[in-house]
Amino acid sequence: MSHAIALHGGAGTIAPELLTPELEKAYLHGLDLAISAGNKILLANGSATEAVAAAVIELENYPLFNAGKGAVFNHVGKHEMDAAIMQGVDLMAGTVAGVKNIKNPILLAQAVMTQSAHVMMAGDGAEAFAKSVGIEFADDDYFYTEQRYKQWLDLKDSSNYQLDHSANPGNKMGTVGAVALDSFGNIAAATSTGGMTNKQFGRIGDSPVIGAGTYANNHTCAISCTGHGELFLRAVVAYDISCLMEYKGLSLKEACNIVVMDKLVKIGGEGGLVAIDAKGNIEMPFNSEGMYRASINMAGEKTFGIYR
């Protein structure tokens, strides 16, 4: 086998005692749907870019994850979503920020990459572009889930925001993302998120920022992050790992460990990421109690994880 794929569905306070067996099974089912969708494309000699998009679409469509259908409510009771996709072969990338009513934000990010001269679009302009290229919209009811609404009600009269992976992960899950290596030796990364419950409207995290929450370069690695976006932005996490590989000659494992387990911890950044290099090495480090994750390595072995 000459391909591999890894994905995450959020990192944070995920302890076994906080998940019922039914809920754990539901999360694992969602991860399996996503990893299988991405792997199917790779098995058919599709590109890493198409594979990560396919995996993220499944996660966006699954209401337990904080992206697409399961996106959290912001301070004014709306869903504002961010997404990014990048391919390592030519450093082409597309990202969207603060978009509303887009059924699959990752498809809009991909359209920005392939059908516009730009890298990043936001808000009303991104939505106008979505209409012009035929991206599917969904009404507010599509994004409504009872657990997200209850989360927001708990916070809406305060100035507090809630990381989607704090306290009770049965209700709160973070960003989703995927990385892949295809049979042509190319790698890619994709990330999608609904952000933080009760966030100030207009707030943008690390997910759609190339080099912070998402990055891919065939010479180094592909990365998709999940965690406290403000800290991942300040630490330029995804590109930092790539730089450690490119300029210091570190392995993917060494670079991930330095950034996630040392540099992020020192500034109070909680979370994790999935990473892959052009040799098919996969790393899924996190400094939180858990991270929803799945992978299929070069040997075709499928793994799933939730807890540390």
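Read on for a plain summary of the structure. (Residues numbered from 1 in each chain as written. Predicted model: local features only at pLDDT ≥ 70, side-chain atom pairs only at ≥ 80, totals over all residues. Heavy atoms only, no water.)

1. Quick look at the overall build of the chain
The following threshold applies: Put simply, DSSP marks the helices as runs of H or I at least four residues long and the strands as runs of E at least two long, and each gets a number from the N terminus on. Atoms counted for the radius of gyration: C-alpha only. Globule rule: 2.2 Å times residue count to the power 0.38. The cut-offs for exposure are 20% and 50% of the maximum accessible area for each residue type, with area from a 1.4 Å probe on protein chains only; residues under the lower value are buried, those over the upper are exposed, and the others partly exposed. Shrake-Rupley sampling with a 1.4 Å probe provides the accessible areas, and residues are treated as covered by the protein chains on show and by no other component.
The secondary structure content of the chain amounts to 9 helices and 12 strands. In summary, the chain has a C-alpha radius of gyration of 17 Å against a globular reference of 19 Å for 308 residues, a match within 12%. With the C-alpha coordinates of the chain rotated into their principal frame, the extents come out at 50 × 45 × 35 Å. Residues classed as buried in the chain amount to 59% of the 308 residues present. Surface accessibility of the chain: about 11600 Å² in total, with carbon and sulfur atoms responsible for 54%.

2. Some points on the sheet that holds strand β10 (residues 282-283)
Just so we agree on the cut-off: Here a strand pair is declared whenever DSSP counts at least two bridges between the two strands. The contact rule is simple, with two residues in contact once any of their heavy atoms fall within 4.5 Å. Angles shown run from 0 to 180 degrees and are taken between the N-to-C directions of axes, each axis being a line fitted to C-alpha atoms and, for helices, limited to the stretch in contact.
Pairing within the open sheet is antiparallel, and its 4 strands lie in the order β7-β8-β9-β10. On the outer flanks of this sheet lie β7 (214-216) and β10, each paired with one strand and no other. For strand β9 (residues 271-276) and β10, the ladder comprises 2 bridges, and the chain directions are antiparallel. Bridging across to β10, Ile276 finds its partner in Ile282. Together, β9 and β10 form the strand contacts of helix α9 (residues 252-266), whose direction differs from that of β9 by roughly 165°.

3. Things to note about the environment of Ile258
Note that Ile258 resides in helix α9. Distance in space between the C-alpha atoms of Ile258 and Ile241 is 8.3 Å, their sequence separation being 17 residues. Setting aside anything within four residues of it in sequence, one finds Ile258 in contact with Leu244, Leu250 and Lys263.

4. Brief notes about the sheet that holds strand β4 (residues 120-122)
Across the sheet, which stays open at both edges, the 8 strands sit in the order β4-β3-β2-β6-β5-β1-β11-β12 with mixed pairing between neighbours. With one partner strand each, in any of the chains shown, β4 and β12 (302-307) form the two edges of the open sheet. Strand-to-strand, the axes of this sheet are offset by a mean angle of 5°, without reference to chain direction. Here strand β1 (residues 4-12) runs beside strand β5 (residues 176-181); their pairing, made up of 5 bridges, is antiparallel. In the strand pairing of β5, His8 is matched with Gly177.

5. Remarks on the packing of helix α3 (residues 105-115) against helix α4 (residues 123-132)
Operational definition: In this scheme, roughly parallel covers angles under 35 degrees and roughly antiparallel covers those over 145, while 65 to 115 is roughly perpendicular and the rest are oblique. The classification used treats Ala, Val, Leu, Ile, Met, Phe, Trp, Tyr, Cys and Pro as nonpolar, Asp, Glu, Lys and Arg as charged, and all other residues, Gly among them, as polar.
One way to put it is that α3 packs onto α4 with a least axis distance of 10 Å and a crossing angle of 75°. Between α3 and α4, the angle falls in the class roughly perpendicular. Residues Leu108, Ala111, Val112 and Gln115 of α3 touch α4, and the partners they reach there are Ala126, Phe129 and Ala130. Split by residue class, the contact of α3 with α4 holds 6 nonpolar, 1 polar and no charged.

6. Side note on the packing of aromatic side chains
The geometry of an aromatic ring pair is captured by the separation of the ring centres together with the interplanar angle, meaning the angle of the planes. How we decide: We call Phe, Tyr and Trp rings a pair once their centres come within 6.5 Å, taking the six-membered ring for Trp, and we label the pair stacked below 30 degrees between planes, edge-to-face above 60, and tilted otherwise.
A complete count under the given rule lists 7 aromatic pairs for this structure. On the basis of an interplanar angle of 85° and a centroid distance of 6.3 Å, the ring pair of Phe65 and Tyr292 is categorised as edge-to-face. Residue Phe65 is located in the loop between α2 (48-61) and β2 (81-87), and its partner Tyr292 is located in strand β11 (residues 290-296); the two are separated by 227 residues in the primary sequence. Look at Phe65 and you get buried, because its relative accessible area is 0%. Classification of Tyr292 by relative accessible area gives buried; the value is 0%. Centroid distance Tyr215 to Tyr239: 5.2 Å. Interplanar angle 75°. Geometry classified as edge-to-face.

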